[in-house]
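Close look at the chain arrangement
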Amino acid sequence: MHQIGIIGYGGMGRAHARDLLHPATIRFAAAYDIDPVRMELAKQDGLIACASREELFSIPEIDTILVAVPNNGHLDNVLAAIEAGKKVICEKPVALNGDELAQMQAAANMLSRATAESEKQNVLSCVSLFQNNSMRAYEAYFSDQLGTPVTDTAPAPVVAPAPVPVAAPVPV
């Protein structure tokens, strides 16, 4: 069973822990949030409430960290979780720009080279939280069905939107 720790127990973090039907192989175990009220909610929801993300990272049974903080906090938390040797699932958007994403990928790749092949680190962005695709993504992630991420450094082509037909004015 994979045990997940959550950084950010606000709307999205709590929704992951409470509102999704979890596969039998996943258990949300602990949470850390800077808001004491949210930490009380985590306790009420049956999670271990950690006083810091370092405490969360120190729980050996937790192999994966879900980053569910505001977007501008993704980079710091993802890098810290990777450095702590945890797999990472991050709410969308994973990064604010390509440079941040490159930093995350570099950290994950560096740690992967230092660990056994079976312990490779991954970053998965959750795009459609309340759809079946999210559950399939969780299941694929934890059953090692996902391969090595591939990135394309070439800029995406710019495609102009098709013109929208405008109706003629209606005579009065």
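Residues numbered from 1 in each chain as written. Predicted model: local features only at pLDDT ≥ 70, side-chain atom pairs only at ≥ 80, totals over all residues. Heavy atoms only, no water.

**Brief notes about the pattern of salt bridges**
- For the structure shown, the criterion picks out six salt bridges.
- Asp35 is the partner of Arg38 in a salt bridge, and the nearest nitrogen-oxygen pair spans 3.9 Å.
- Look at the salt bridges and you will find they share partners, linking Asp33, Asp35 and Arg38 into a network. (Salt bridge = Lys/Arg side-chain N within 4 Å of Asp/Glu carboxyl O.)

**Some thoughts on the pairing of strand S4 (residues 62–67)**
- Counting buried positions along S4 yields five of six residues, so the element is predominantly enclosed.
- As paired elements, strand S1 (residues 2–7) and S4 share five bridges and run parallel to each other. What sits directly across from Ile4, in S4, is Thr64.
- The pairing of S4 with strand S5 (residues 87–91) spans four bridges and is parallel. (Buried < 20%, exposed > 50% of the residue type's maximum accessible area, 1.4 Å probe, protein only. Helix = DSSP H or I, 4+ residues; strand = E, 2+ residues; numbered from the N terminus. Pairing = 2+ DSSP bridges.)

**Quick notes on the confidence of the model for the protein chain**
- Summarising the model, the protein chain shows a mean pLDDT of 77, and 62% of its residues fall at 70 or more.
- The low-confidence segment residues 127–131, where pLDDT is below 50, has twelve contacts with residues more than four positions distant or belonging to other chains. (pLDDT = per-residue confidence, 0-100. Contact = heavy atoms within 4.5 Å.)

**Things to note about the pairing of strand S2 (residues 26–32)**
- S2 sits mainly inside the fold: six of its seven residues count as buried.
- As paired elements, S1 and S2 share six bridges and run parallel to each other. Bridge pairing in S2 links Ile7 to Tyr32.
- By the bridge criterion, two bridges tie S2 to strand S3 (residues 48–49) in an arrangement that is parallel. Paired with Ala31 across the two strands is Ala49, which belongs to S3.
- The parallel pair S2 and S3, bridged by helix H2 (residues 36–44), forms a crossover whose chirality is right-handed. (Right-handed = clockwise from strand over helix to strand, strands pointing away.)

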